[in-house]
Amino acid sequence: MSTLEERINKLMNKNVEAKTILVKVEERDEVINNYQNEGWKFVKESQLNGRYKLTFERSK
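Residues numbered from 1 in each chain as written. Predicted model: local features only at pLDDT ≥ 70, side-chain atom pairs only at ≥ 80, totals over all residues. Heavy atoms only, no water.

1. Considerations on the nonpolar core
Right, on to step 1. By size, the foremost hydrophobic cluster in this structure holds eight residues: Val23, Val31, Ile32, Tyr35, Trp40, Tyr52, Leu54 and Phe56.
Right, on to step 2. Ignoring sequence-local partners within four residues, the contact set of tyrosine 35 consists of Lys19, Ile21, Trp40 and Phe56. (Core = buried A, V, L, I, M, F, W, Y, C linked by side-chain atoms within 4.5 Å. Buried < 20%, exposed > 50% of the residue type's maximum accessible area, 1.4 Å probe, protein only. Contact = heavy atoms within 4.5 Å.)

Okay, here's the thing in structure tokens:
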């Protein structure tokens, strides 16, 4: 198998667990640190009605 095929195969067979939560502005940094300490990868954030929507992923 070529390197490109191996990389595609690895991505296609990857099991990822995702979690999205809504937190208050003052809790944002603490929540991110707690999830990262538990092995979650911080992926993205957006602001929604004065709160933060945080998305985390973890490979199984």
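Okay, back to it.
2. Here we look at unusual backbone geometry
Right, on to step 1. Not every positive phi belongs to a glycine, and asparagine 49 is a case in point at roughly 50°.
Right, on to step 2. Residue placement: asparagine 49 occurs in the loop between strand 2 (41-48) and strand 3 (51-59). (Helix = DSSP H or I, 4+ residues; strand = E, 2+ residues; numbered from the N terminus.)

3. Quick notes on the packing of aromatic side chains
Right, on to step 1. Following the criterion strictly, the structure yields three aromatic pairs and no others.
Right, on to step 2. Measuring from centroid to centroid gives 6.1 Å for tyrosine 35 and tryptophan 40, while their planes differ by 75°, and the two rings are edge-to-face. As far as burial versus exposure is concerned, tyrosine 35 and tryptophan 40 are alike and both buried.
Right, on to step 3. Where tyrosine 35 meets phenylalanine 56, the ring centres are 4.6 Å apart and the plane angle is 15°; that geometry is what we call stacked. Of the two residues, tyrosine 35 is situated in helix 2 (residues 28-37) and phenylalanine 56 in strand 3; the sequence distance between them amounts to 21 residues. Residue tyrosine 35 shares its accessibility class with phenylalanine 56, and that shared class is buried. (Phe/Tyr/Trp six-rings, centres within 6.5 Å; stacked < 30°, edge-to-face > 60°.)

4. Description of the pattern of salt bridges
Right, on to step 1. Within the structure shown, the criterion is met by three salt bridges.
Right, on to step 2. Between glutamate 17 and arginine 58 there is a salt bridge, and its shortest N-O distance comes to 3.5 Å. Highlighted residues: glutamate 17 in strand 1 (residues 16-24) and arginine 58 in strand 3, separated in sequence by 41 residues.
Right, on to step 3. With a relative accessible area of 29%, arginine 58 lands in the partly exposed category.
Right, on to step 4. Taking the shortest distance from any N to any O, the salt bridge between arginine 28 and aspartate 29 comes out at 2.5 Å.
Right, on to step 5. The exposure class assigned to aspartate 29 is partly exposed, which follows from its relative accessible area of 48%.
Right, on to step 6. Salt bridges here are not isolated pairs; linked through shared partners, they connect Arg28, Asp29 and Glu45. (Salt bridge = Lys/Arg side-chain N within 4 Å of Asp/Glu carboxyl O.)

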